[in-house]
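Summary of the model geometry
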Amino acid sequence: MRVYLRAFSLCIVLALLSLVFLFSKHDAESFKAGLKQVRAPLEPSVAKNFNGVKSKQRPSASTSHRLRDVAQKVNSPGQRETSMQLAVVACGERHGEAVNMLKTAAVLSSRALRFHIFAEEQLHSNIKTALDSWPAFIRAKFSYVVHPISFPHENHEEWSQLFKPCASQRLFLPMILKEVDSLLYVDTDVLFLQPVELIWDVLTHFNSPQLVAMAPEHEEPRIAWYSRFSRHPYYGKTGINSGVMLMNLTRMRMAQFKNDMTSVDLHWDELLMPLLQKYKLNITWGDQDLINIIFHYNPEMVFTFPCHWNYRPDHCIYGSNCIPAEEEGVFMLHGNRGVFHSEKQPAFKAVYDAFKQYKFGEDPVKSFLLPLEAALNGTTHTYCGKVSHFFTRGLGKSVRTIQRMTPAGG
């Protein structure tokens with residue numbers, strides 16, 4: 001009997017030990033599963049960027065959704081500002097061009113303007129003197145601020161000498177003008193042939209991811225520079241020209257950009273120096289090339305506007321290849337490669353000289369438009385001269401409107 005009792009007791013002990021083992025294993029597996037669930041959201045936070053530095057955690061799905069909601073609420077950028085914001089960078093001898101460009105904006109536009117002029121310290125006095133000398137009825141249209149040239153301290157020299165002196169300043173406008181929502185940047189060698197408000201209103205046509213608007217570098221890939229010679233990625237089939245750049249700065253500061261340096265999307269200010277370090281031996285046009293690289297990987301962020309918003313000698317030097325200019329006229333004239341100051345393209349120079357010589361308060365038809373048309377008639381021996389009536393098609397209408405609005409005697 002005792003033998004049976006001992007055997008029975010041993011069976012009970014073994015059964016209890018088996019149950020304890022099974023429960024312990026189940027708890028351990030549950031703990032491991034729970035640990036995986038806790039760790040999973042933390043993994044992105046230890047990802048490293050191209051410098052080996054821990055990068056910022058990517059936004060969660062809910063965070064990204066909130067950012068999209070905020071972006072979609074900025075559907076009419078610029079409405080939060082009472083003035084159209086216009087920026088230009090003028091270094092060296094380019095301040096005269098800049099003043100003439102601002103003159104075309106002030107003459108043709110009827111809405112309030114705010115000029116942001118970035119220039120070397122020694123040029124500030126001359127720029128202010130020129131703008132302050134304009135008559136009261138013109139000065140009533142705009143306000144202005146002259147900013148110093150500003151680059152990141154640790155790479156100041158490299159940025160300031162990229163392509164042309166100060167040209168890359170435009171890359172840093174989202175970080176410098178932190179209180180500005182939207183901005184129209186233009187090169188000094190640009191002339192408005194239509195009111196600024198026409199291009200400013202393009203902002204209202206941006207869809208939710210779009211945050212910049214630029215025109216193609218060329219209309220025809222077979223003869224375009226980027227498609228033939230570029231040694232780096234570029235936007236679209238022909239690249240984009242950054243001489244006229246409409247920007248929603250709010251979205252640019254918020255957005256995260258895909259890139260070819262890291263799998264982690266980066267903010268605008270995080271992109272610039274790594275891009276320069278990677279491509280500086282392969283870029284020809286400086287900051288414009290960097291802009292092309294950025295938007296090659298983020299094409300959905302670009303609103304491409306037609307070539308007559310950034311009309312250059314390339315559009316007529318070998319014959320007309322900008323159809324919108326043929327149909328509607330030129331809206332903005334871009335005299336790149338110095339054509340405003342040489343005889344290479346006399347039609348472009350004629351427009352620049354006409355604006356420069358026009359005196360505020362004079363009859364704009366008699367003192368500006370008619371002399372300009374006569375000068376353009378003398379340029380028909382060139383291809384651009386043959387189509388120079390594109391320059392005055394819309395401009396003539398705007399000038400006659402100004403004629404009706406200009407007070408007698410200025």
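Residues numbered from 1 in each chain as written. Predicted model: local features only at pLDDT ≥ 70, side-chain atom pairs only at ≥ 80, totals over all residues. Heavy atoms only, no water.

Looking only at helices and strands, the protein features 17 helices and nine strands. Within the protein, the fraction of its 410 residues that count as buried is 49%. As displayed, the protein offers around 20500 Å² of accessible surface, 57% of which is attributable to carbon and sulfur atoms. (Helix = DSSP H or I, 4+ residues; strand = E, 2+ residues; numbered from the N terminus. Buried < 20%, exposed > 50% of the residue type's maximum accessible area, 1.4 Å probe, protein only. Areas by Shrake-Rupley, 256 points an atom, 1.4 Å probe, with all protein chains shown as cover.)

The strand order S3-S2-S1-S4-S7-S6-S8 describes an open sheet built from seven strands, whose pairing is mixed. Unpaired on one side and paired on the other, strand S3 (142-148) and strand S8 (302-304) mark the two borders of the sheet. Looking at each pair of strands side by side, their axes are set apart by 25 degrees on average, direction ignored. Where helix H4 (residues 124-132) meets the sheet, its contacts fall on strand S2 (113-119) and S3, and the angle it forms with S3 comes to roughly 175 degrees. Of the strands in this sheet, strand S6 (212-216), strand S7 (240-248) and S8 touch helix H12 (residues 287-296), which is tilted by about 65 degrees from S7. (Pairing = 2+ DSSP bridges. Axes fitted to C-alpha atoms, helices over the stretch in contact; angles between N-to-C directions. Contact = heavy atoms within 4.5 Å.)

With that settled, the discussion passes to the state of the cysteines. Within this structure, the stated rule accounts for three disulfides. The disulfide that involves cysteine 91 links it to cysteine 166, with 2.1 Å between the sulfurs. Its S-S torsion of approximately -90 degrees makes the covalent link between cysteine 91 and cysteine 166 left-handed. Taken together, the positions of cysteine 91 in the loop between strand S1 (84-90) and helix H3 (95-108) and cysteine 166 in the loop between helix H6 (156-160) and helix H7 (173-176) put the pair 75 residues apart, joining distant regions of the chain. Residue classification places cysteine 91 among the buried positions, given a relative accessible area of 5%. Residue classification places cysteine 166 among the buried positions, given a relative accessible area of 5%. The disulfide that involves cysteine 316 links it to cysteine 384, with 2.0 Å between the sulfurs. Since a negative S-S torsion denotes a left-handed disulfide, the cysteine 316-cysteine 384 link at about 90 degrees is right-handed. Pair noted here: cysteine 316 is in the loop between S8 and helix H13 (323-328) and cysteine 384 is in helix H16 (residues 383-386), with a separation of 68 residues, a long-range link. (Disulfide = S-S within 2.5 Å.)

With that settled, the discussion passes to the packing of aromatic side chains. For any two aromatic rings, the description comes down to two numbers: the centre-to-centre distance and the angle of the planes. The final tally for this structure, using the stated rule, is 18 aromatic pairs. Centroid distance phenylalanine 142 to tyrosine 144: 6.4 Å. Interplanar angle 35 degrees. Geometry classified as tilted. Judged by its relative accessible area of 10%, phenylalanine 142 falls in the buried class. Given the relative accessible area of 21%, tyrosine 144 is considered partly exposed. (Phe/Tyr/Trp six-rings, centres within 6.5 Å; stacked < 30°, edge-to-face > 60°.)

So, on to the packing of helix H14 (residues 346-357) against helix H15 (residues 364-377). One can describe the packing of H14 onto H15 by two numbers: an axis separation of 9 Å at closest approach and a directional angle of 160 degrees. Overall, the two elements H14 and H15 adopt an arrangement that is roughly antiparallel. The element H14 and its partner H15 pack so that their crossing is right-handed. In contact with Ala347, Ala350, Val351, Ala354 and Phe355 of H14, H15 contributes Phe368, Leu372, Ala375 and Leu376. (Parallel < 35°, antiparallel > 145°, perpendicular 65-115°, else oblique. Left-handed = near helix turned anticlockwise from the far one by under 90°.)

Residue placement: histidine 124 occurs in helix H4. Distance in space between the C-alpha atoms of histidine 124 and alanine 90 is 9.9 Å, their sequence separation being 34 residues.

With that settled, the discussion passes to the nonpolar core. If you look at the biggest cluster of nonpolar residues, it comprises 74 residues, and the most contacted ones within it are Leu184, Phe192, Tyr311, Leu333 and Phe391. The dominant element in this core, judged by the number of residues it contributes, is H3, at eight residues. (Core = buried A, V, L, I, M, F, W, Y, C linked by side-chain atoms within 4.5 Å.)

Residues with a pLDDT of 70 or more make up 78% of the protein, whose mean pLDDT is 83. For residues 20-79, every residue scores under 50 in pLDDT, and the model assigns this stretch 45 contacts once sequence neighbours within four places are set aside. (pLDDT = per-residue confidence, 0-100.)

Compared with the 20 Å implied by 1.5 Å per residue over 14 residues, the 19 Å span of H15 between its first and last C-alpha is a close match. Residues of H15 that are buried sit in contact with H14, H16 and helix H17 (389-405). Sitting at the head of H15, aspartate 363 places a side-chain oxygen 2.8 Å from the backbone nitrogen of valine 365. (Expected span 1.5 Å × (residues − 1). Polar contact = N/O pair within 3.5 Å; in protein donor to acceptor, adjacent residues only side chain to side chain.)

A few words now on the packing of H3 against H14. Axes are the key here: two packed helices are described by the angle between their axes and the distance separating the axes. At a minimum axis distance of 10 Å, the contact between H3 and H14 shows a crossing angle of 75 degrees. Judged on the interaxial angle alone, H14 and H3 are roughly perpendicular. Contacts between H3 and H14 involve Gly96, Glu97, Asn100, Lys103 and Thr104 from the former and Tyr352, Phe355 and Lys356 from the latter. Across the contact of H3 with H14, the residue classes tally to two nonpolar, three polar and three charged. (Nonpolar A, V, L, I, M, F, W, Y, C, P; charged D, E, K, R; others polar.)

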